[in-house]
Amino acid sequence: MARAFLTCQGFEVIETNWRSRFGELDIICRDGPDVVFVEVKTRRETDRGLPGEALTGVKQKRLVRAASRYLTKNSLWDRPCRFDLVAVYLHKDSCVIEHQAHVFDLSEALGGGYAYWQPW
């Protein structure tokens, strides 16, 4: 559902469930010149917490490390990138999808200090 949603929003989906020793990237896509690493979180009506709450500091660091590996492997260091969240809320008879761009600040994910759009 998240992949179809992003495609309908004009994103070009490049990879899904990309894995490295640093972790998994749910969806990798392009939004114009930007490489976008999308974390997908699904919740049911009875689930605990909001999807964004699952993006802890530890999870953010894993995403940044995996993204770094992806950029290196595919020679994409010259491209701007960002981290987005797609939240999927499942209800009895319906589904609601929300997209949040730039879901976390990279300097916070890396423990502070100087950060540009690709600080690693």
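Coordinates for the structure precede this section.
Just so it is clear, the model here is predicted, and its values are computed rather than measured.

## Details of the pairing of strand E5 (residues 95–100)
- Across six bridges, strand E4 (residues 81–90) lies against E5 in antiparallel orientation. Counterpart to Leu85 in the pairing with E5 is Gln100.
- In this antiparallel pair of consecutive strands, E4 and E5, the connection spans four residues.

## Description of helix H2 (residues 57–73)
- When the terminal C-alpha atoms of H2 are compared, their 24 Å separation across 17 residues agrees well with the 24 Å that a helix rising 1.5 Å per residue should span.
- Here H2 has its buried residues at Gln60, Leu63, Val64, Ala66, Ala67, Ser68, Tyr70 and Leu71.
- Directly beyond the C-terminal end of H2, a positive phi value near 50 degrees is found at Ser75.

## Digging into the nonpolar core
- One finds Leu25, Ile28, Val35, Phe37, Leu63, Tyr70 and Phe83 to be the most contacted residues of the largest nonpolar core, which totals 17 residues.
- Elements with a contribution of two residues or more to this core: strand E2 (23–31), strand E3 (34–44), H2 and E4.
- For this core, the element with the highest residue contribution is H2, accounting for six residues.
- Every residue in contact with Tyr70, bar those within four places of it in the chain, is listed here: Ile14, Glu15, Trp18, Leu25, Ile28, Phe37 and Leu76.
- Within the second largest apolar cluster, 10 residues are counted, among which are Ala2, Val13, Val36 and Val38.

## Quick word on the packing of aromatic side chains
- Tallied over the entire structure, the rule returns three aromatic pairs.
- Measuring from centroid to centroid gives 5.2 Å for Trp18 and Tyr70, while their planes differ by 85 degrees, and the two rings are edge-to-face. Taken together, the positions of Trp18 in strand E1 (residues 12–20) and Tyr70 in helix H2 put the pair 52 residues apart, joining distant regions of the chain.
- By relative accessible area, Tyr70 is classed as buried at 3%.
- An aromatic cluster is defined as three or more aromatic residues linked by ring pairs; in this entry it consists of Trp18, Phe37, Tyr70 and Phe83.

## Description of the pattern of salt bridges
- Across all of its chains, the model carries six salt bridges by this definition.
- Residue Lys59 pairs with Glu39 through a salt bridge whose shortest N-O separation is 3.4 Å. Placement of Lys59 in helix H2 and of Glu39 in strand E3 is noted, with a sequence separation of 20 residues between them.
- A residue is classified by how much of its surface remains accessible, and Glu39, at 4% relative accessible area, is buried.
- Each of the salt bridges in this network shares a partner with another, and the network as a whole consists of Asp31, Asp34, Arg82 and Asp84.

## Describing the sheet that holds E2
- Strand order in the open sheet formed by five strands is E1-E2-E3-E4-E5, with mixed pairing between adjacent strands. Looking at the sheet topology across the chains shown, the edges are occupied by E1 and E5. Strand-to-strand, the axes of this sheet are offset by a mean angle of 30 degrees, without reference to chain direction.
- Where E2 lies against E3, five bridges are found, and the strand directions are antiparallel. When the bridges of E3 are listed, Ile27 appears paired with Val38.
- Each of E1, E2, E3 and E4 is contacted by H2, which is oriented at about 110 degrees to E1, the strand it contacts most.

Rules used throughout
Residues numbered from 1 in each chain as written. Predicted model: local features only at pLDDT ≥ 70, side-chain atom pairs only at ≥ 80, totals over all residues. Heavy atoms only, no water. Pairing = 2+ DSSP bridges. Helix = DSSP H or I, 4+ residues; strand = E, 2+ residues; numbered from the N terminus. Expected span 1.5 Å × (residues − 1). Buried < 20%, exposed > 50% of the residue type's maximum accessible area, 1.4 Å probe, protein only. Core = buried A, V, L, I, M, F, W, Y, C linked by side-chain atoms within 4.5 Å. Contact = heavy atoms within 4.5 Å. Phe/Tyr/Trp six-rings, centres within 6.5 Å; stacked < 30°, edge-to-face > 60°. Salt bridge = Lys/Arg side-chain N within 4 Å of Asp/Glu carboxyl O. Axes fitted to C-alpha atoms, helices over the stretch in contact; angles between N-to-C directions.

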